[in-house]
Amino acid sequence: MSRGKLEKTLGEGKFAVTAEIGPPRGANAEVIRQKAGLLKGCVDAVNVTDNQTAIVRMSSISACAHVVQMGMEPVMQMVTRDRNRIALQSDIMGAYSLGIRNMLCLSGDHQTFGSQPGAMNVFDIDSVHLIHTVKTMRDEGKDMSGYELNVAPRMFIGAAENPFADPFEYRVIRLAKKVAAGVDFIQTQCVYDMVRFKEWMKQARERGLTEKVYILAGVTPLKSARMAKYMASKVAGIMIPEQMIRRMEGAAKETAAAEGIKICLETIQELREIPGLAGIHIMAIEWEEKVAEIVKDAGLYPRP
Amino acid sequence: MIVGEQKPLEEIKAKVDGYSKILILGCGTCVKTCFAGGEDEVAMLALALRLSLKMEGKSIRVEEQTVERQCEDEFIKEAAANIADVKAVVSLACGAGVQMVASRFPQVSLLPGVNTTFIGILEKAGLFTEKCLGCGNCVVDLFGGICPISRCAKKLFHGPCGGSSKGKCEVNADTDCAWQLIVDHAAATGQLDKLAEYVPPKDWRSSQAGGPRKVHREDHEI
Amino acid sequence: MLMENVRRMSGKGGLVRTRKPRITVFHCFTALENTASLEGSDYEIQGIKMPCSSISREGFLLRAFEAGADAVVVLVCPVNSCRYVQGNIRTEKRVSRVKKILDEIGIGGRRLNMYNIVQGDEAAARRIIEQTVAELGEWGLSAAA
């Protein structure tokens, strides 16, 4: 069994870099190749989202298969909103057979936010159940019924955590639950509020969790003051400090994006100094072309 | 109780279009309590239908009757005489009552006048909230008396999700995040560590997903 | 003026049977003892006396229109003076509800109104009736009556 590059990098104690792309709303594989191509050499693995915000897109598993064919390493995101345990286990086996080595276990944004809000949701199991399931498939070679699998899918198991959502005092307990269920790595929601993030990391260290799981901090470069204000007020679980919004407002329209990148680089710099942090996860959705620049300017290029 | 809402007048009007005489059959239990289909609502609907059609130059004869419950033969048969007299019945009972009347009186058109929504409680005057999905295996004790299946939009057993904000659900800012309530209760009663435990996936066979269900109490059969 | 309105309602220029406008008055007997003092020669009053105005259930308010009322007036005690505490509050809610239904079916919610009057203030009640009669002069009689 070959370990993926992400697992290997983290296992060797090196600071990891991942990024994220979203599949097209259609059957056009070229979109995947183009987006992933922009990240080649800059990341250890690239997340492929699973019908994110419940908008119907090409499936994550198939888009990941295209990424594998390009010689890059995907992280297959899997939500429990749309598929029951039968379909999820089935896709995990299929994914591994297609050369996919990493997956992220998520519950998923509610379907009422998406492009087909009248759809029935599933939520047969939640993200913690899914982590537990993949771990059992990997380490015991059994599915949820105890059946012995004909080749166990040896996935590197990830999950998400949000240090900025409520209730704050419970967030680290929830992280502990995911670790107990068997998660190998965590990617957090994008960090702007460094004070809160450092507090969360401190609590994670105090519980010994940073010894048991690799934590990658999410970063998203701001494109404009409008984007900053929108995210701060309309997107649940994102906190942006007032002075950061004012900084974006203070920049002229033509230079706002550059200011956003600057803030992003400063954030990465500060994150690298946090003890127990294993890497960063760059979410520059629909701005993938900036990832290479960010990775290089942050001194994280070339990838080990 | 079972909570429902009366269908809009326009929808009911469309359903009774073409019938010269109908019976509006109310129910005196759950739908009366949530002001959807009790005696008062039957009277109002009858009047609204007659007046509305009169304004359009049409007419309709509307009989009114309300029985204690439409989910039991003992009460439904009180309506037999009125039902025999019409070709269509608008039942204001919940979906269960509507179907029972339909099966006992197959010769009439059974038209539902209420949208049945959920099993819930009267939170305060005028406010009914959903509490139970009828999953068939109650484990609310694991969650401090708050059911995550019916009250969490994602049925999470290890919530909250990343969208919980200021104690409210990401789906609806008016809805309390069930997991915030569960965590608060656990914290207040010194049981936060209990919430750190893994709860295995649910066996959904006891729910409607396992197929339409029945409860057969042979010890009460006569 | 009322006769012209009745002819307009019928849509024809020929001779039309005229009638006086009919007003149904629901009142609690604390607000007003009876509707004798509200009688007039240009209109017909039907009084419905109740121990509390909240007895005026939606069905009864609607029924008044079916029974021939062109307008319905509900007289209640002032806010915070209901001897049953919440009676007039409940009445207000019911009246609101029925106004919406009357709008929906085309009769017009404006024909139903609730007024708070001080206990026994017959003069205020008369003014309300006169105002209602004047409004009916503008709106015409109810097509559903």
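Structural data are supplied above this passage.
Definitions and limits used
Residues numbered from 1 in each chain as written. Chains lettered and ligands numbered in written order. Predicted model: local features only at pLDDT ≥ 70, side-chain atom pairs only at ≥ 80, totals over all residues. Helix = DSSP H or I, 4+ residues; strand = E, 2+ residues; numbered from the N terminus. Rg over C-alpha atoms; globule rule 2.2 N^0.38 Å. Buried ≥ 20, exposed ≤ 12 C-beta atoms within 10 Å, placed from the backbone. Contact = placed C-beta atoms within 7 Å. Right-handed = clockwise from strand over helix to strand, strands pointing away. Pairing = 2+ DSSP bridges. Core = buried A, V, L, I, M, F, W, Y, C linked by C-beta atoms within 7 Å. Nonpolar A, V, L, I, M, F, W, Y, C, P; charged D, E, K, R; others polar.

Here we take up the overall build of chain A. Counting its regular elements, chain A contains 11 helices and 8 strands. Relative to a compact globule of 304 residues, whose C-alpha radius of gyration would be 19 Å, chain A shows 19 Å and is just as compact. Referenced to the eigenvectors of the C-alpha coordinate spread, the extents of chain A come out at roughly 60 × 45 × 40 Å. Put simply, chain A has 304 residues, and 52% of those count as buried. When contacts within chain A are restricted to residue pairs at least 6 apart in sequence, long-range pairs at least 24 apart make up 79% of them.

A few words now on the arrangement of the chains. Inter-chain contacts occur across 2 pairs of chains; the most extensive set of contacts lies between chains A and B. The two partners chain A and chain C share no contact, and the minimum distance between any of their C-alpha atoms is 28 Å.

So, on to the pairing of strand β6 (residues 185–190) of chain A. All names here are of chain A. Counted residue by residue, β6 has 6 buried out of 6 residues, so it is predominantly covered. Considered for its hand, the β-α-β crossover made up of strand β5 (residues 156–161), helix α6 (residues 168–181) and β6 is right-handed. Sheet analysis places β6 next to strand β7 (residues 214–219), joined by 4 bridges and oriented parallel. Residue pairing across strands places F185 opposite Y214, the latter belonging to β7. Each parallel crossover has a hand, and for β6 linked through helix α7 (residues 194–206) to β7 it is right-handed.

Residues V46, M103 and C105 of chain A are the most contacted members of the largest nonpolar core, which totals 92 residues. Beyond its immediate sequence surroundings of up to four residues, C105 of chain A is in contact with M78, S127, L130, I131, V134, I157, G158 and A159 of chain A. In this structure, I12, V89 and V98 of chain B together with I107 of chain C belong to the second largest nonpolar core, which totals 75 residues.

Further remarks concern the interface of chain B and chain C. Of the residues lining the interface, 11 residues belong to chain B; the matching set on chain C comes to 14 residues. The dominant element in the side of chain B that touches chain C, judged by the number of residues it contributes, is helix α3 (residues 39–55) of chain B, at 10 residues. Taken together, the residues of the side of chain B that touches chain C break down into 7 nonpolar, 1 polar and 3 charged.

Attention now moves to the interface of chain B and chain A. Each partner contributes to the interface: chain B provides 23 residues, whereas chain A provides 25 residues. Here the side of chain B that touches chain A is built from residues that sort into 12 nonpolar, 7 polar and 4 charged.

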